[in-house]
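Commentary on secondary and tertiary structure
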Amino acid sequence: MRVGIVGRGGMADALGTQWRRAGHEVVTGSRSGGLREAAEFGTDAVLLAVPYEAVADVVGGLGDALRGKVLVDCTNPVGPGFGLLTSGGPSAAERIASAAPSAHVVKAFNLCHVDVWRLTPPVFDGRPLAVPLCGDDEGALTVVRRLVHDLGCEPLNAGGLDRAGLVEATAALLIRLWVGEGADAQAISPPLAYSGATGVSGAAGA
């Protein structure tokens, strides 16, 4: 596939390197140059990997270069004190979709530190990392699922783009626990057998 990456920071480097290793053609561009070229190159997908604060200007400046493109949003609208900058909505992904109405936005890759994406593959205790995806276009989701698989990860259906705010809020919570508290945030989630999804009684709301 031809993947354009808008941004040249850590996420752009980590994911771009892995996708090149998987055989995809990848072109990156930064705000100092090459953004439009990267967006135009990404005929299969464009990864938006710039700080959330720059998203509106960057997406707005790309205009027709994003028309009809699969636009993958890995941004996290997390501010001082680990607060969610988009509290009350709309989500970052929905704002990006409004700024690029002809693109097919998919929220993905925002729950992990950049170092996780450098692992080949990200497998922990024998279990591949799962990546939740939010999007409204099935064709775009199919493309992003392939990109997830090519990292050695498993894609999860997290719902439509209207659910992206929940994924972004999850990132804010996890970052607060990991970075702010030094806590093992993974410990807050029980195994599937105890989640209530398989008939175990006593789950919250049961």
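Our structure is the block above this text.
None of these values were measured; they are calculated from a predicted model. (Residues numbered from 1 in each chain as written. Predicted model: local features only at pLDDT ≥ 70, side-chain atom pairs only at ≥ 80, totals over all residues. Heavy atoms only, no water.)

**Looking at the overall build of the protein**
Broken down by element type, the protein carries 7 helices and 9 strands. At 17 Å, the protein has a C-alpha radius of gyration in line with the 17 Å of a compact globule built from 206 residues. Considered along the principal axes of its C-alpha atoms, the protein spans approximately 55 × 35 × 35 Å. Counting over 206 residues, the protein shows a buried share of 44%. In the protein, the share of contacts with a sequence separation of at least 24, taken over all contacts with a separation of at least 6, comes to 69%. As presented, the protein carries roughly 10100 Å² of accessible surface, and 53% of it is formed by carbon and sulfur atoms. Treating the 16 positive side-chain charges of the protein as one cloud and the 21 negative ones as another, the clouds have centres 3 Å apart. (Helix = DSSP H or I, 4+ residues; strand = E, 2+ residues; numbered from the N terminus. Rg over C-alpha atoms; globule rule 2.2 N^0.38 Å. Buried < 20%, exposed > 50% of the residue type's maximum accessible area, 1.4 Å probe, protein only. Contact = heavy atoms within 4.5 Å. Areas by Shrake-Rupley, 256 points an atom, 1.4 Å probe, with all protein chains shown as cover. Lys, Arg positive; Asp, Glu negative; His and termini not counted. Charge placed at Lys NZ, Arg CZ, Asp CG, Glu CD.)

**Here we look at helix α3 (residues 55-62)**
Among the residues of α3, V55, V58, V59 and L62 are the ones counted as buried. Relative to the axis of α3, the buried residues are bounded by an arc of 90 degrees and lie together on one face. For α3, the exposed residues lying more than 90 degrees away from the buried face are A56 and D57. Taken together, the buried residues of α3 touch β1 (2-6), α2 (35-41), β3 (45-48) and α4 (92-99). (Arc of directions from axis to C-beta.)

**Focus on the state of the cysteines**
In total, this model carries 0 disulfides according to the counting rule given. Sulfur of C112: no disulfide; nearest cysteine sulfur belongs to C153 and is 7.7 Å away. (Disulfide = S-S within 2.5 Å.)

**Concerning the pairing of strand β8 (residues 130-135)**
Within β8, 5 of the 6 residues are buried, which leaves the element mostly enclosed by the surrounding structure. Across 2 bridges, strand β5 (residues 104-107) lies against β8 in antiparallel orientation. Paired with K107 across the two strands is C134, which belongs to β8. Sheet topology places β8 next to strand β9 (residues 154-157); 4 bridges connect them, and they run parallel. Across the sheet, residue V131 finds its bridge partner in β9, namely P155. (Pairing = 2+ DSSP bridges.)

**Digging into α4**
Within the span of α4, buried status applies to A92, A93 and I96. The buried residues of α4 all sit within an arc of 100 degrees when viewed along its axis, so they share a single face. Looking at the buried side of α4, the elements it contacts are β3, α3, β4 (70-73), β5 and α7 (164-180).

**With respect to the pattern of salt bridges**
All chains considered together, the criterion is met by 7 salt bridges. Salt-bridge contacts for R36 lead to E40; the nearest nitrogen and oxygen are separated by 3.9 Å. Here E40 and R36 lie together in helix α2, a separation of 4 residues that amounts to about one turn. You can call R36 partly exposed: its relative accessible area is 36%. Residue E40 is classed as partly exposed on the basis of its relative accessible area, which comes to 44%. Salt bridges sharing common partners tie together D73, K107 and E168. (Salt bridge = Lys/Arg side-chain N within 4 Å of Asp/Glu carboxyl O.)

**Some points on the packing of aromatic side chains**
Applying the stated rule across the entire model yields 2 aromatic pairs. Considering the side-chain rings of W19 and F109, the 5.7 Å spacing of their centres and the 70 degrees angle between planes classify their relative orientation as edge-to-face. Linking W19 in helix α1 (residues 10-21) with F109 in the loop between β5 and α5 (114-117), this pair joins segments that are 90 residues apart in sequence. The buried category is assigned to W19, whose relative accessible area is 1%. Judged by its relative accessible area of 1%, F109 is buried. Ring geometry for F109 versus W117: centroids 5.5 Å apart, planes at 85 degrees, classification edge-to-face. Residue F109 shares its accessibility class with W117, and that shared class is buried. Here a set of aromatic residues connected by ring pairs shows up, and it is made of W19, F109 and W117. Sitting over the face of the ring of F41, R2 holds its NZ or CZ atom 3.9 Å from the ring centroid. (Phe/Tyr/Trp six-rings, centres within 6.5 Å; stacked < 30°, edge-to-face > 60°. Lys NZ or Arg CZ within 6 Å of the ring centre and 35° of its normal.)

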